[in-house]
Amino acid sequence: ADLERGSVGGMGTSYHGPCRPDTLIISPTRELCVQIGSEASKFCHATPFRVAVIHGGEGTMHPQMMDLARGADVLVATPGRLLDFVGVEIVCVRSVVQLVIDEADCFFYSSIGLADTLRTLVDLHGLPACRGRQTMLYSASLSAEIQTLVREFLHNLIAVQMGVPGSAVITVAQFVV
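Attention in this report is confined to the structure presented alongside it.

How each quantity is defined
Residues numbered from 1 in each chain as written. Predicted model: local features only at pLDDT ≥ 70, side-chain atom pairs only at ≥ 80, totals over all residues. Heavy atoms only, no water. Helix = DSSP H or I, 4+ residues; strand = E, 2+ residues; numbered from the N terminus. Rg over C-alpha atoms; globule rule 2.2 N^0.38 Å. Buried < 20%, exposed > 50% of the residue type's maximum accessible area, 1.4 Å probe, protein only. Contact = heavy atoms within 4.5 Å. Areas by Shrake-Rupley, 256 points an atom, 1.4 Å probe, with all protein chains shown as cover. Disulfide = S-S within 2.5 Å.

1. A look at the overall build of the protein
Okay, step 1: Within the protein one finds 6 helices and 5 strands.
Okay, step 2: Shown N-terminal to C-terminal, the secondary structure of the protein runs as helices and strands in the order β-α-β-α-β-α-β-α-α-β-α.
Okay, step 3: Taking 16 Å as the expected radius of gyration for a compact globule of 177 residues, we find that the protein reaches 17 Å, a close match to that expectation.
Okay, step 4: When its C-alpha atoms are laid out on the principal axes, the protein stretches across 55 × 35 × 35 Å.
Okay, step 5: In the protein, which comprises 177 residues, the proportion classed as buried is 38%.
Okay, step 6: In the protein, of all internal contacts separated by at least 6 residues, the share reaching a separation of at least 24 is 67%.
Okay, step 7: By element, 58% of the accessible surface of the protein is carried by carbon and sulfur atoms, the whole surface being about 10600 Å².

2. Observations concerning the state of the cysteines
Okay, step 1: Taken as a whole and judged by the stated rule, the model has 0 disulfides.
Okay, step 2: Of the cysteine sulfurs around Cys-44, a residue in no disulfide, the closest is that of Cys-19, at 13 Å.
Okay, step 3: Here Cys-44 falls in the buried class, since its relative accessible area comes to 14%.
Okay, step 4: Of all cysteine sulfurs, the one in Cys-92 lies closest to Cys-130, which takes part in no disulfide; the gap is 19 Å.
Okay, step 5: When its relative accessible area of 19% is taken as the criterion, Cys-130 is described as buried.

Here you go:
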């Protein structure tokens, strides 16, 4: 967390204003968002860091707004709900110093384009540009779209590749039924 501000979970007073996470994790689906939020909460257990999760779904907006009113150090979000909350100033992304994009390849097959979401957050809502934050992008493939995204939104790229591209992982048993 930002050392000047301290962690939200460690505050001795009530939280005020929009939620200003310093870590933002974007995932393409509600199910993955919930799973990542659950794991992040485990990592933050017994620490002063607070995790919040926002995603689309019927009846989820009001409870999520109430949770965000308590602030968060780590925010796990789907892009649509994130843009909804940023647009009405419930969430402010100006303090984000770590951006994690999970399953980046999935965004290119969904109705919400990741590149458009990131451009909107940077250009219109003050998400720090790539040199002002650490960005981690995880993808199962390195398609042309992912490579374009990497060049546009990351700097000082370090690529970690697991296995041989296009081949099956030998530690996973695969069966065709």
